[in-house]
Protein chains: 2
Amino acid sequence: MNNKNHPTRERILDAAEELFASGGFSAVSVRQIMKKAEADVSLAYYHFKSKRDLFEAVMLRRVEHLNAIRLRALEAVEKRHKDDAPTVEEIIEAFTRPLLELLAEKHDEWHYYFALIAQINNSPDLGGKLMTRYFDPLVSRFIDALRKALPECREEDLYWSYHFFSGALTLTFAETGRIDNLSGSRCRSSDMASINERMPAFIAGGFRALCARGQR
Amino acid sequence: MNNKNHPTRERILDAAEELFASGGFSAVSVRQIMKKAEADVSLAYYHFKSKRDLFEAVMLRRVEHLNAIRLRALEAVEKRHKDDAPTVEEIIEAFTRPLLELLAEKHDEWHYYFALIAQINNSPDLGGKLMTRYFDPLVSRFIDALRKALPECREEDLYWSYHFFSGALTLTFAETGRIDNLSGSRCRSSDMASINERMPAFIAGGFRALCARGQR
DNA sequence: GCAGGATTTCAACGAACGTTGAATTTTAGT
DNA sequence: ACTAAAATTCAACGTTCGTTGAAATCCTGC
């Protein structure tokens, strides 16, 4: 049998996800992954064809679910506003809240995945290519919504605003502990409630300020 | 003789910087670095003790200069405002403008360095530790200035705002080409004039919106 | 309970890895 | 010119890397 939940296949993906997240693709060997997965090395090549394919499989395992629930969140917001456009805050929240909920429900499952995405997003090798491949349709959909919320905004300002947002988002969800050190533990990377309270306000403020500037 | 400009030592650092920037520490071998530097492999271990120390040297080579000119930019802004506090925009610009100027003057020297920092900032392994070690004093200095510009702002909001800023900043200066793809080449990662126009406005808008929210 | 495919084990391959020590060449002070 | 130190070359070490093929075991449908 093949496509039912094979526990070993999942165990390999779990182990790979965690290890790839902490050091990137090259910092981790297949042997380390399979040791953590408690399975023979060659099983990695049986279930996946190569190390690269394993990496790809780690990415693909969660990306569809992620995109689906974010899209649903956006559609829910749009449905609440039949005629008028949603606010920028509401749209940003539809983009971020699903991430927070995934972490709240199943932190162990998603934490490493978000850390991995942060690294990919900031990698000159992969950032342009992989992020585009996996997230572009969804992101374009969100930018459409933002365009409606900010009808006077210039196109370039919209894209740059999203770009700044993207950097803030991926770093924040990577939970690197940086803000813990900087703030002397006054703030904590893992404090999702704080993020949920602050990120939409900050980002929406940024969008508005930049778009307002563009109309001058 | 030792501490004069040894061209080979610099060539090794240049090669290492470029290669580390594109794939991180582990994706690059010492042999690859030394091939690019056109020098024997063992010279890497003569000039630096190990691969890790070479990596550290790459980081250290530019960090002091970087921190110095940013500090100078901040002090210049503060000197312009004897009694009143500088605006948030001015402070953010003092933080970002030096980066833009370095890229404008010597793009080849600094481009890879910024890409490397983006990866480190987003690495769970190194992000908390290395960024804190290298940049904390300067960052705290900037946060002090921001506190004066936003005297009613809560401490937590200040730190979280800076955190969002940090993510946007490092991703933007990494020039990953992501925004190029997303915008259909309407915007370009390498377009420093666009960044200079937009980043301070966006970030300052974020700071203000978040601080205003905190006072409610 | 048997057949056949799915899964797992075991052993091994050649290549590349980080690192080192000794020999050699280049450089600088006298 | 001589010397000592600095810089570079060369060859090699043990380890780990990604990957593979064949044999053994497990599971499922009949």
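Definitions and limits used
- Residues numbered from 1 in each chain as written.
- Chains lettered and ligands numbered in written order.
- Predicted model: local features only at pLDDT ≥ 70, side-chain atom pairs only at ≥ 80, totals over all residues.
- Heavy atoms only, no water.
- Disulfide = S-S within 2.5 Å.
- Helix = DSSP H or I, 4+ residues; strand = E, 2+ residues; numbered from the N terminus.
- Buried < 20%, exposed > 50% of the residue type's maximum accessible area, 1.4 Å probe, protein only.
- Least-squares fit on C-alpha atoms with pLDDT ≥ 70 in both.
- Contact = heavy atoms within 4.5 Å.
- Salt bridge = Lys/Arg side-chain N within 4 Å of Asp/Glu carboxyl O.
- Phe/Tyr/Trp six-rings, centres within 6.5 Å; stacked < 30°, edge-to-face > 60°.
- Lys NZ or Arg CZ within 6 Å of the ring centre and 35° of its normal.
- Buried area = accessible area lost by both parts, 1.4 Å probe.
- Domains from an automatic or database assignment.
- Axes fitted to C-alpha atoms, helices over the stretch in contact; angles between N-to-C directions.
- Parallel < 35°, antiparallel > 145°, perpendicular 65-115°, else oblique.
- Left-handed = near helix turned anticlockwise from the far one by under 90°.
- Nonpolar A, V, L, I, M, F, W, Y, C, P; charged D, E, K, R; others polar.
- Core = buried A, V, L, I, M, F, W, Y, C linked by side-chain atoms within 4.5 Å.
- 1 Å grid on protein atoms, 1.4 Å probe; cavity = no way out; pocket = protein on both sides within 12 Å on 5 of 7 lines; lining within 4 Å.
- Points joined across faces, edges and corners; volume = space filled by probe spheres on them.
- Lys, Arg positive; Asp, Glu negative; His and termini not counted.
- Polar contact = N/O pair within 3.5 Å; in protein donor to acceptor, adjacent residues only side chain to side chain.

*Asks:* Before we go on, may I ask you to explain the state of the cysteines in this structure?
*Replies:* Should the sulfur atoms of two cysteines be covalently bonded, the bond is a disulfide. Using the criterion set out here, one finds 2 disulfides over all chains in the structure. Each disulfide pairs two cysteine sulfurs, and for A:C153 the partner residue is A:C211, the sulfurs being separated by 2.2 Å. On the sign convention where negative is left-handed, the bridge of A:C153 and A:C211, at about -65° about the S-S bond, is left-handed. Residue A:C153 is located in the loop between helix 7 (127–149) and helix 8 (155–174), and its partner A:C211 is located in helix 10 (residues 192–214); the two are separated by 58 residues in the primary sequence. You can call A:C153 buried: its relative accessible area is 8%. Distance from the sulfur of A:C187, which forms no disulfide, to the nearest cysteine sulfur (B:C153) is 11 Å.

*Asks:* Would you take a moment to explain the relation of the copies chain B and chain A for this structure?
*Replies:* What connects the two chain copies is a rotation about an axis and a shift along it. At an RMSD of 0.0 Å, chain B and chain A line up after a rotation of 180° and a shift of 0.0 Å along the axis. Between the two chains, the operation in question is that of a two-fold axis. A shared binding surface is used by both copies, with 100% of the interface residues of chain B retained as interface residues in chain A.

*Asks:* Help me understand the pattern of salt bridges in this model?
*Replies:* If charged atoms from side chains of opposite charge come close, those side chains can pair. Residues and elements named next belong to chain A. Within the structure shown, the criterion is met by 36 salt bridges over all chains. Where E18 meets K36, a salt bridge forms, and the shortest distance between an N and an O atom there is 3.0 Å. Here K36 lies in helix 2 (residues 30–36) and E18 lies in helix 1 (residues 7–23), a separation of 18 residues in the sequence. You can call K36 partly exposed: its relative accessible area is 41%. When salt bridges that share partners are traced, they join E10, D14, E17, R61, R62 and E109 into one network.

*Asks:* I tried to follow the packing of aromatic side chains on my own but got confused; where do I start?
*Replies:* Aromatic rings in a pair are described by how distant their centres are and how their planes are angled relative to each other. By the definition in use, this model includes 28 aromatic pairs over all chains. With centroids separated by 5.4 Å and ring planes inclined at 85°, the aromatic side chains of B:F25 and B:F55 adopt a geometry described as edge-to-face. One end of the pair, B:F25, is in the loop between helix 1 (7–23) and helix 2 (30–36); the other, B:F55, is in helix 4 (residues 51–80), and 30 residues separate them in sequence. The two residues B:F25 and B:F55 agree in class, both being buried. Here a set of aromatic residues connected by ring pairs shows up, and it is made of A:F95, A:F142, A:Y162 and A:F165. Between A:R52 and the ring centre of A:F25, over which it is positioned, the NZ or CZ distance is 4.4 Å. Here the basic side chain of B:R70 rests over the ring of B:F95, its NZ or CZ set 3.9 Å away from the ring centre.

*Asks:* Please clarify how the environment of B:S50 should be interpreted in this entry.
*Replies:* Residues and elements named next belong to chain B. Within the element layout of this structure, S50 appears in the loop between helix 3 (41–47) and helix 4. You can call S50 partly exposed: its relative accessible area is 26%. Separated by 82 residues in the primary sequence, S50 and T132 have C-alpha atoms spaced 23 Å apart.

*Asks:* Teacher, can you tell me more about the interface of chain B and chain A here?
*Replies:* Interface size, as often reported, equals the accessible area lost upon joining of the parts. With 67 residues of chain B in contact, the opposing surface of chain A contributes 67 residues. For the pairing of chain B and chain A, the buried interface totals around 5600 Å² over both sides, and the portion due to carbon and sulfur atoms is 66%. For the chain B face of the interface with chain A, the top three residues by lost area are B:W160, B:R178 and B:F202, together amounting to 15%. Taken together, the links from chain B to chain A amount to 6 salt bridges. Put simply, A:D157 and B:R198 hold a salt bridge, and the shortest N to O gap is 2.5 Å.

*Asks:* Any chance you could explain the domain arrangement of chain A here in plain terms?
*Replies:* Residue and element names in this part refer to chain A. Partitioning chain A into domains gives domain 1 (1–48) and domain 2 (62–214). When each unit is reduced to the centre of its C-alpha atoms, the spacing between domain 1 and domain 2 is 29 Å. Across the boundary between the two partners, domain 1 contributes 8 residues, which contact 7 residues of domain 2. Taken together, both faces of the contact between domain 1 and domain 2 bury some 570 Å²; the carbon and sulfur share is 53%. Contact with domain 2 buries area across many residues of domain 1, yet E17, E18 and A21 alone supply 78% of it, more than any other trio. The interface formed by domain 1 and domain 2 contains 1 salt bridge.

*Asks:* In this structure, what is going on with the packing of helix 10 of chain A against helix 10 (residues 192–215) of chain B? I would like to understand it.
*Replies:* Each pair of packed helices can be described by the angle between their axes along with the distance between the axes. Interaxial distance between helix 10 of chain A and helix 10 of chain B falls to 7 Å at its minimum, and their mutual angle equals 135°. Here helix 10 of chain A is positioned oblique relative to helix 10 of chain B, judged by the angle of their axes. In terms of crossing hand, the pair formed by helix 10 of chain A and helix 10 of chain B is right-handed. Side by side, helix 10 of chain A and helix 10 of chain B meet where A:E197, A:R198, A:A201, A:F202, A:I203, A:G205, A:G206, A:F207, A:A209, A:L210 and A:R213 of the first sit next to B:E197, B:R198, B:A201, B:F202, B:I203, B:G205, B:G206, B:F207, B:A209, B:L210 and B:R213 of the second. Here the contact of helix 10 of chain A with helix 10 of chain B is composed, by residue class, of 12 nonpolar, 4 polar and 6 charged.

*Asks:* In this structure, what is going on with the nonpolar core? I would like to understand it.
*Replies:* Soluble, globular proteins show a tendency: their nonpolar side chains are buried together. Counting 152 residues, the largest nonpolar core has A:F20, A:I33, A:F207, B:F20, B:I33 and B:F207 as its most contacted members. Contact partners of B:I33, with chain neighbours within four places excluded, come to B:I12, B:A15, B:A16, B:L19, B:F20, B:V28 and B:L54.

*Asks:* I tried to follow the layout of surface pockets on my own but got confused; where do I start?
*Replies:* Over the atoms rolls a probe the size of a water molecule, and its path tells where empty space is left. In this structure, the largest pocket encloses a volume near 530 Å³. Counting only elements with at least two residues in the lining of the largest pocket, the list comes to helix 1, helix 4 (51–80) and helix 6 (107–121) of chain A together with helix 1, helix 4 and helix 6 (107–121) of chain B. Here the second largest pocket is characterised by a volume of approximately 200 Å³. Surrounding the second largest pocket, 14 residues form its lining, B:A73, B:A94, B:R97, B:P98 and B:E101 being those nearest its centre.

*Asks:* Explain the side chain of A:K51 here, please?
*Replies:* Residues and elements named next belong to chain A. Its place among the elements puts K51 in helix 4. With no salt bridge to any partner, buried K51 finds its closest opposite charge in D53, at an N-O distance of 12 Å. Of the polar contacts made by the side chain of K51, one reaches the backbone oxygen of V28; its length is 2.7 Å. Residues within four places of K51 in sequence aside, it is in contact with F20, F25, S26, V28, S29, V30 and Y45.

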